[in-house]
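# Examining the three-dimensional arrangement
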Amino acid sequence: MDEVFNMNLGTRILVDPGWQSHLLDEFVKSYMKDLIDFLRREIASGKTIYPKESEYFKAFNATPFDKVKVVLLGQDPYHGTDQAHGLCFSVPNGVGCPPSLKNIFKEIQGDLGLSPGDFQQGNLQAWADQGVLMLNSVLTVEAGRAGCHKGRGWEKFTDRVISELNENKERIVFMLWGDYAQKKGAVIDERRHLILRAPHPSPLSAYKGFLGCRHFSTANAYLADHGMTPVEWRLT
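Just so we're clear, the structure is a prediction, and the values are computed from it rather than from any experiment.

### So, the overall build of the protein chain
Helix and strand counts for the protein chain stand at 8 helices and 6 strands. Along its sequence from the N terminus, the protein chain presents helices and strands in the succession α-α-β-α-β-α-α-β-β-α-β-α-β-α. If you line up the protein chain on its principal axes, its C-alpha atoms span 50 × 35 × 30 Å. The 236 residues of the protein chain split such that 54% are buried. Pairs at least 24 apart in sequence give 68% of the contacts found in the protein chain among residues at least 6 apart. A total of about 10,600 Å² of accessible surface is found on the protein chain, and carbon and sulfur atoms cover 47% of it. The centroid of the 27 positive side-chain charges in the protein chain is displaced by 3 Å from the centroid of its 28 negative side-chain charges.

### Examining helix 2 (residues 30-44)
Between its first and last C-alpha atoms helix 2 spans 21 Å; for 15 residues at 1.5 Å apiece the expected length is 21 Å, and the two agree. Every buried residue of helix 2 is listed here: Y31, M32, L35, I36, F38, L39 and E42. Seen from one end, helix 2 has its buried residues packed into an arc of 160°, which puts them on one side. Away from the buried face of helix 2 by more than 90 degrees, exposed residues S30, R41 and A44 are located. In this fold, the buried residues of helix 2 make contact with strand 1 (49-50), strand 4 (141-142) and helix 6 (154-168). Residue G46 follows helix 2 closely and has a positive phi angle near 95°.

### With respect to the sheet that holds strand 5 (residues 173-177)
Ordered by their spatial adjacency, 4 strands build an open sheet running 3-2-5-6, and the pairing between neighbours is parallel. Of all strands in the sheet, those with a lone pairing partner are strand 3 (132-136) and strand 6 (194-198), marking the two edges. Strand-to-strand twist in this sheet, taken as the mean axis angle between neighbours without regard to direction, amounts to 20°. Both strand 2 (residues 70-74) and strand 3 contribute to a ladder of 5 bridges, which runs parallel. For G74, the partnering residue across the bridge sits in strand 3 and is N136. Sitting on the sheet, helix 6 is in contact with strand 2, strand 3 and strand 5, with an inclination near 150° to strand 3.

### A word on the pattern of salt bridges
By the definition in use, this model includes 15 salt bridges. The residue D37 makes a salt bridge to R40 at a minimum N-O spacing of 3.8 Å. Remark: R40 and D37 occur in helix 2; sequence separation between them is 3 residues, near one turn of the helix. Among the ionic pairs, K47 bridges to E42, the shortest N-O distance being 3.2 Å. Here E42 falls in the buried class, since its relative accessible area comes to 11%. Here the salt bridges share partners, and the residues they tie into one network are D25, E26, K29, R160 and E164.

Each value, and the rule that gives it
- Residues numbered from 1 in each chain as written.
- Predicted model: local features only at pLDDT ≥ 70, side-chain atom pairs only at ≥ 80, totals over all residues.
- Heavy atoms only, no water.
- Helix = DSSP H or I, 4+ residues; strand = E, 2+ residues; numbered from the N terminus.
- Buried < 20%, exposed > 50% of the residue type's maximum accessible area, 1.4 Å probe, protein only.
- Contact = heavy atoms within 4.5 Å.
- Areas by Shrake-Rupley, 256 points an atom, 1.4 Å probe, with all protein chains shown as cover.
- Lys, Arg positive; Asp, Glu negative; His and termini not counted.
- Charge placed at Lys NZ, Arg CZ, Asp CG, Glu CD.
- Expected span 1.5 Å × (residues − 1).
- Arc of directions from axis to C-beta.
- Pairing = 2+ DSSP bridges.
- Axes fitted to C-alpha atoms, helices over the stretch in contact; angles between N-to-C directions.
- Salt bridge = Lys/Arg side-chain N within 4 Å of Asp/Glu carboxyl O.

Don't take any of this as a statement about function, it's just geometry.
Here it is in structure tokens:
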């Protein structure tokens, strides 16, 4: 745990100098100390926490601050075995796609005229490589207990992330799916950024407006209009 969470050596946590310059001071705040202590106790008691410690901050290390052009905002990691790996909605290679991710792929196919064969994996690292920050509001979860780390401090950290992006960058596309993401993104300045809102892609709500929202073509058109390279969403 000390190698991952070290309040004095934050560069071990955030390898990108851009994220370091914007976030390192969070690691000396009291809420972060409390969060660290909580996670240490949970692990020491034998509980399984997802994702693994080295991937708690994977979203930031996969997408440098200066390269962020799209933000997908999730709630908390998958709590099933081997599903979470630090990128919201994403699963590692060889792991089956959860229902929400299947609906995301279904929407992309309908929006961009792609086929199921264009999505042969659920690992979204290729999106991160292109500047898509896949950020959960809460970065850890106990196995089999969705949402159980809510209110432990992660929300303060990720609120700071959104604030830094909002204030220090321009023309980011924020995809806010579901009430939770939309409330968390209420601070985003719509004069500086594009905010796309829709119901969550969960099977419980996808048919209430997520399917057919056309967020992926809209995002790419916005990026192109502002001189940025559109995202290649297919995952072949």
